[in-house]
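Inside the fold
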Amino acid sequence: MDIILLGPPGAGKGTQAHRLEADRGMKQLSTGDMLRAAIKAGTPVGREAKAVMERGELVSDAIVSALIGEHLESATRGAIFDGYPRTQPQAEALELLLADRGRELAHVIELKVDEDALVERICGRFSCADCGALYHETAKPPEVAGTCDECGGHDFKKRPDDNEETVRNRMAEYRAKTAPILPFYERRGLVREVDGMGSVEAVAAAIDAILDS
Ligand code: AP5
């Protein structure tokens, strides 16, 4: 089952995708994670993406669609598209990538959130430097302070684009370029809305109900 998790920065896409991987064996395909890996590795894609991401703007459609194409085969038990597609050309590219492999989207899950709460969510976010597990200073701290629940690591990090100014740019990009792709999926009856303002567990239960329906 291939699904898209759609929502603005901080809506909880990564949190839910990570959980779906663990619970269902699906594969999270996050273009943001792929781009951050390319930056860390110093590849040509990473060098091109770095400044764009630090400004909170969108990386080129061709680059991100190529990254998805490279990783799609690895999602043998279903892909969770996290942060992709973000523009109409990306939505069209995804259709072709899936059709070429005899696959099709089952659901586009829209996480509905109150944007005012998102700045606080994003500015409180940190992750385990070893395994990438996601946390929040107040909403989801590690069970034992300073120790990762998942791998026991003690190193944590914050993303360089998680500051208020960049977050506001990312939200503006979402409103201008990503929200307008919803009608493309609504016309095909694929969009399912989930209240993203509930607890992590409540959002997870709502997504599970859709996937099991
Ligand atoms: P990307 O990495 O995709 O970031 P994003 O879309 O801005 O989303 P986030 O990762 O910030 O948020 P999320 O929805 O995953 O929330 P999370 O679960 O972490 O993209 C970064 C950049 O890369 C872009 O700006 C762009 O430059 C580039 N890029 C990426 N893809 C691209 C593409 N396709 N095209 C062009 N450019 C692209 O949760 C946030 C926090 O809230 C966490 O601390 C979490 O613990 C907490 N939280 C989660 N759920 C809840 C809840 N229900 N209640 C309370 N707290 C919660």
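Shown above is the structure to which this text applies.
Quick look at the structure, then.

The rules behind these values
Residues numbered from 1 in each chain as written. Predicted model: local features only at pLDDT ≥ 70, side-chain atom pairs only at ≥ 80, totals over all residues. Heavy atoms only, no water. Helix = DSSP H or I, 4+ residues; strand = E, 2+ residues; numbered from the N terminus. Rg over C-alpha atoms; globule rule 2.2 N^0.38 Å. Contact = heavy atoms within 4.5 Å. Areas by Shrake-Rupley, 256 points an atom, 1.4 Å probe, with all protein chains shown as cover. Expected span 1.5 Å × (residues − 1). Buried < 20%, exposed > 50% of the residue type's maximum accessible area, 1.4 Å probe, protein only. Arc of directions from axis to C-beta. Polar contact = N/O pair within 3.5 Å; in protein donor to acceptor, adjacent residues only side chain to side chain.

Within the chain, the secondary structure is distributed over 9 helices and 8 strands. Over its C-alpha trace the chain gives a radius of gyration of 16 Å, about what one expects of a compact globule, namely 17 Å for 213 residues. Reported as C-alpha extents along the three principal axes, the dimensions of the chain are approximately 45 × 40 × 35 Å. For the chain, restricting intrachain contacts to residue pairs at least 6 apart in sequence, the fraction spanning at least 24 positions comes to 69%. A total accessible area of about 10,500 Å² is found for the chain, and carbon and sulfur atoms account for 51% of it.

On to helix α5 (residues 88–100), then. For the α-helix, the turn length of 3.6 residues means that residues three or four positions removed from each other point alike. An ideal rise of 1.5 Å per residue puts 18 Å on 13 residues; α5 measures up with 19 Å between its terminal C-alpha atoms. When α5 is considered as a whole, its buried residues turn out to be Gln90, Ala91, Ala93, Leu94, Leu97 and Leu98. The buried residues of α5 occupy an angular sector of 160 degrees when projected down its axis, which confines them to one face. Counted as exposed and oriented over 90 degrees from the buried face of α5: Leu96, Ala99 and Asp100. Buried residues in α5 make contact with β1 (2–6), α4 (61–71), β3 (79–82), β4 (105–112) and α8 (182–186). Note on α5: the residue one or two positions beyond its end, Gly102, has a positive phi of about 70 degrees.

Another point: the environment of Arg55. For Arg55, the position within the fold is in helix α3 (residues 44–55). In this structure Arg55 comes out as partly exposed when scored by relative accessible area, which is 41%. Sequence separation between Arg55 and Thr166 is 111 residues; the distance between their C-alpha atoms is 5.9 Å. Beyond its immediate sequence surroundings of up to four residues, Arg55 is in contact with Thr166 and Asn169. Within the structure, the side chain of Arg55 is placed 3.2 Å from the side chain of Glu57, a separation counted as a polar contact.

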